[in-house]
Structures are given as C-alpha cells and as structure tokens.
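# Structure assessment
So you can see what is in the structure, the chains are spelled out below.
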Amino acid sequence: MYHPYYCFTMTLRLFFTCFLVVLVVKYVYCNCGENSQNSAGIPPSSYPNPRRDETIQDTYANCAVIKDPYRWMENPDSPETKQFIQDEMAITTPYLEKSPYRAELQARYKELYNNPKYSTPFQKGNKFYSFQNTGLQNQNVLFVQDSITSEGKVFLDPNTFSQDGTVALSGISFSHDGLLFAYGISANGSDWKTIQFKHVEQGDIYNDKLTKVKFSGMSWTHDNKGIFYSAYLDQNGTMDGSENKANKNHKLYYHVLGTEQCKDVIVAEFLDYPDYLMYVSQPHKKFIKNSLDCNLC
C-alpha cells in the first residue's frame with residue numbers, strides 16, 4: 001500500500017525537477033545567445049564513438065524491420081558499456097563542474113524544498129500515524145500517536161536504513177487489529193524489495209525477512225497471522241534494478257509470521273502464462289491477476 005503522502009512528495013519532486021530543467025535551459029540559451037564563446041566548446045572528436053552492431057534487428061507484424069545497433073548498451077554490467085559511460089562522464093562532469101550556475105541552482109532548490117512536511121494522519125487499530133519530514137531528510141519518517149491530539153513519536157525512520165539515504169520505505173501494511181506492521185524496503189529506487197515486520201506495541205523487529213519481492217502488495221489475513229505477497233523466488237542473478245531480462249513466473253505466496261520464507265505456501269501461479277502478475281488487493285482481499293502479454297502482430 002502506498003500512502004497518498006508518497007504520491008504528493010513524488011509529485012512535488014517532479015515539479016521541482018522540471019523547474020530546474022527550465023532554469024538550466026534558460027541559462028544555457030541566454031548564455032549562448034549573449035556570447036557564443038561561453039558554449040560548451042567541446043569538439044565533436046572528443047565524444048566517445050560507440051560501436052554499432054548492424055546485425056541486431058527485430059521484425060514486427062511480419063513486415064517492419066527495425067534495427068537496434070546499440071542494444072549492447074542495454075547490458076549495464078558489460079565492460080564495453082561501463083567503458084562508454086566512463087568516457088561520457090569524463091566529458092560531462094568537468095563541464096558541469098565549471099558551470100557558474102550550478103551552485104546557484106543547488107542553493108535555490110535547497111531553499112524551495114527546505115520546509116517541514118506533514119501527511120494527513122490515518123488510524124490503524126487504536127493509534128494514529130502520519131509521515132513527517134523536517135525539510136531536507138532523504139526519507140519521510142513515520143510517526144505514531146496514541147490519540148489525534150497527543151504528541152507523536154518516531155515509529156519507523158527510513159533514514160536509518162542506510163547512511164546515504166538511498167534505501168527507502170516501499171509500502172506499508174498494518175494487521176487488522178493494528179498490532180502488527182509489515183513494511184517493504186528497497187534500495188536505489190529498485191522495484192525489488194524486502195518485507196520485514198514490526199510489533200506495534202513492543203517495537204520489536206521480527207526475524208522474518210521476505211526477499212525477491214517485486215510488484216507486490218502486503219495483505220494481512222483476518223486472523224492477523226500472516227500476509228499474502230507476490231515474488232519471483234526462482235529469480236537468480238542481480239536484483240538491484242540493473243538487470244535487463246524480464247522476470248517470469250510471478251507467484252502469489254502466503255507467509256505465516258514467525259516462520260521461514262522457504263515454508264511459504266504458493267497460493268497461485270500460472271506457469272503457462274509466465275508474464276502474468278498477481279496480488280491480493282486491500283481492503284477486500286480480492287485476488288487480482290494482470291496480464292502483460294502483448295501481441296503486435
């Protein structure tokens with residue numbers, strides 16, 4: 001479950017990003033117009049010359065042939081792709097560092113974003129929760145209150161997940177009695193996440209860790225004993241968001257709190273349709289299956 005406050009903050013970040021892009025374009029345009037000597041001044045021969053593989057092509061609708069000579073770049077882990085990125089950065093980074101507007105833009109962005117932010121409180125069990133940010137925190141902090149008028153205290157601070165703030169909270173779900181809390185953790189903006197559990201009253205973090213979770217909800221059963229979740233437990237290789245192969249055979253699982261993930265029960269799978277996605281919706285616990293099959297012919 002994604003709280004509306006996440007949608008709000010992401011929209012706000014998108015707005016400020018677009019605002020900065022407009023400022024950059026404005027400065028570059030004005031700068032070049034006033035004095036062409038202040039343009040990039042980088043000769044075309046300095047740019048990296050990537051290899052073209054003319055043998056790579058796809059045929060659509062049995063007639064349209066589309067060449068894709070740079071498909072090798074889709075593998076971010078190959079030495080050739082890494083070298084190309086390094087060559088690009090060797091040109092881009094020094095140019096950006098010399099920009100007289102960089103510090104100005106950074107200061108303005110910080111000024112606009114540095115203000116306290118609060119979400120609308122929501123009730124789970126006999127407690128109230130809200131997301132808060134003092135202004136420049138990398139991640140929003142989840143606060144808990146005993147009543148709507150009492151002083152809040154930190155319930156979960158995602159800023160403690162990593163030193164650089166790149167590990168984020170990725171979905172939350174409270175049990176029906178409000179005593180148990182499931183939450184997803186993702187790194188570097190990846191769709192992959194790990195689900196963990198916390199006891200609301202005691203504050204204890206359970207040993208349960210559900211890995212290889214992707215495109216998943218977290219739906220508690222009415223007896224508050226476990227959750228439904230979706231995952232690719234057969235996935236091998238990297239799971240940091242850099243993989244370039246489609247995931248197959250999404251499965252719906254049921255996990256009983258206090259047990260190992262290897263004992264989770266497969267609730268639904270469609271091996272004949274490996275591109276299907278499935279999850280259990282909140283709050284009515286309906287099974288939903290989405291098809292990603294696409295036939296262009």
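Please refer to the structure higher up on the page.
This one's a predicted model, so the numbers in the text were calculated from it and none came from an experiment.

Secondary structure assignment for the chain yields three helices and 17 strands. Classification of the 297 residues of the chain by burial places 34% in the buried group. Of all intrachain contacts in the chain linking residues separated by at least 6 positions in sequence, the fraction that spans at least 24 positions is 39%.

With that settled, consider the nonpolar core. Generally speaking, nonpolar side chains in soluble globular proteins are found buried as a group. Tyr129, Leu142, Phe155, Ile172, Phe174 and Phe181 are the most contacted members of the largest nonpolar core, which has 15 residues in total. Those elements giving two or more residues to this core turn out to be β5 (127-133), β6 (141-145), β7 (153-156), β8 (167-174) and β9 (180-187). In terms of residue count, the dominant contributor to this core is β8 (four residues). If near-sequence neighbours (up to four positions away) are discounted, Tyr129 is found in contact with Thr120, Pro121, Phe122, Lys124, Leu142, Phe143, Val144, Phe155, Phe174, Gly178 and Val200. In this structure, Ile195, Val213, Met218 and Leu257 belong to the second largest nonpolar core, which totals 13 residues.

One non-glycine residue, Asn62, lies in the positive phi region at around 60°. Position of Asn62 relative to the elements: it lies in the loop between β1 (57-60) and β2 (64-67). Owing to a relative accessible area of 72%, Asn62 belongs among the exposed residues under this scheme. In this structure, Lys212 takes a positive phi of about 60° despite not being glycine. Assessed through its relative accessible area of 22%, Lys212 is described here as partly exposed.

Further remarks concern helix α2 (residues 79-98). Over its 20 residues, α2 runs 29 Å from end to end, which matches the ideal 28 Å to within 8%, given 1.5 Å per residue. Met89 marks the point of greatest bend in α2, at about 30°. Restricting attention to buried positions, one finds in α2 the residues Thr81, Phe84 and Ile91.

Turning our eyes to something else, we now look at the pattern of salt bridges. Where charged atoms from two side chains of opposite charge approach closely, those side chains can pair. For the structure shown, the criterion picks out 10 salt bridges. Close ionic contact of Asp234 with Lys251 constitutes a salt bridge, the shortest N to O distance being 3.2 Å. Note that Asp234 is positioned in the loop between β13 (226-231) and β14 (251-256) and Lys251 in strand β14, a separation of 17 residues in sequence. In this structure, Glu269 and Lys251 form a salt bridge, with 3.3 Å as the shortest nitrogen-oxygen distance. Of this pair, Glu269 sits in the loop between β15 (265-268) and β16 (277-280) while Lys251 is found in strand β14, placing the two residues 18 residues apart along the sequence. Residue class for Glu269 comes out partly exposed when judged on its relative accessible area of 34%. Bridged by salt links that share partners, the residues Asp58, Asp68 and Arg71 form one connected network.

Structurally, the position occupied by Ser175 is in the loop between β8 and β9. We classify Ser175 as buried; its relative accessible area is 4%. A polar atom in the side chain of Ser175 sits 2.6 Å from the side chain of Asp177. What Ser175 contacts, discounting residues up to four positions off in sequence, is Leu180, Trp220 and Asn224.

Take the pairing of β6 next. Burial within β6 is extensive, with five of its five residues counted as buried. In β6, alternate side chains face the same way, and those of Val141, Phe143 and Gln145 on one face and Leu142 and Val144 on the other are all buried. For β5 and β6, the ladder comprises five bridges, and the chain directions are antiparallel. Bridge pairing links Ser130 to Phe143 in β6.

What follows is about the packing of aromatic side chains. The tally for this structure, following the rule as stated, stands at 16 aromatic pairs. With 5.5 Å between their ring centres and 75° between their planes, Tyr129 and Phe155 make a pair best called edge-to-face. With Tyr129 in strand β5 and Phe155 in strand β7, this pair connects stretches of sequence that are 26 residues apart. Taken together, a centroid distance of 6.4 Å and an interplanar angle of 15° make the contact between Phe161 and Tyr183 stacked. With a gap of 22 residues between them, Phe161 in the loop between β7 and β8 and Tyr183 in strand β9 connect regions that are remote in the sequence. On the basis of relative accessibility, which here comes to 3%, the residue Tyr183 falls in the buried class. Across the ring face of Tyr113, the terminal group of Lys117 is positioned such that the distance to the ring centre comes to 4.1 Å. Lying across the ring of Phe155, Lys198 places its NZ or CZ 4.2 Å from the centre.

What counts, and at which threshold
- Residues numbered from 1 in each chain as written.
- Predicted model: local features only at pLDDT ≥ 70, side-chain atom pairs only at ≥ 80, totals over all residues.
- Heavy atoms only, no water.
- Helix = DSSP H or I, 4+ residues; strand = E, 2+ residues; numbered from the N terminus.
- Buried < 20%, exposed > 50% of the residue type's maximum accessible area, 1.4 Å probe, protein only.
- Contact = heavy atoms within 4.5 Å.
- Core = buried A, V, L, I, M, F, W, Y, C linked by side-chain atoms within 4.5 Å.
- Expected span 1.5 Å × (residues − 1).
- Bend = angle between axes of the 7 residues up to and from the residue.
- Salt bridge = Lys/Arg side-chain N within 4 Å of Asp/Glu carboxyl O.
- Polar contact = N/O pair within 3.5 Å; in protein donor to acceptor, adjacent residues only side chain to side chain.
- Pairing = 2+ DSSP bridges.
- Phe/Tyr/Trp six-rings, centres within 6.5 Å; stacked < 30°, edge-to-face > 60°.
- Lys NZ or Arg CZ within 6 Å of the ring centre and 35° of its normal.

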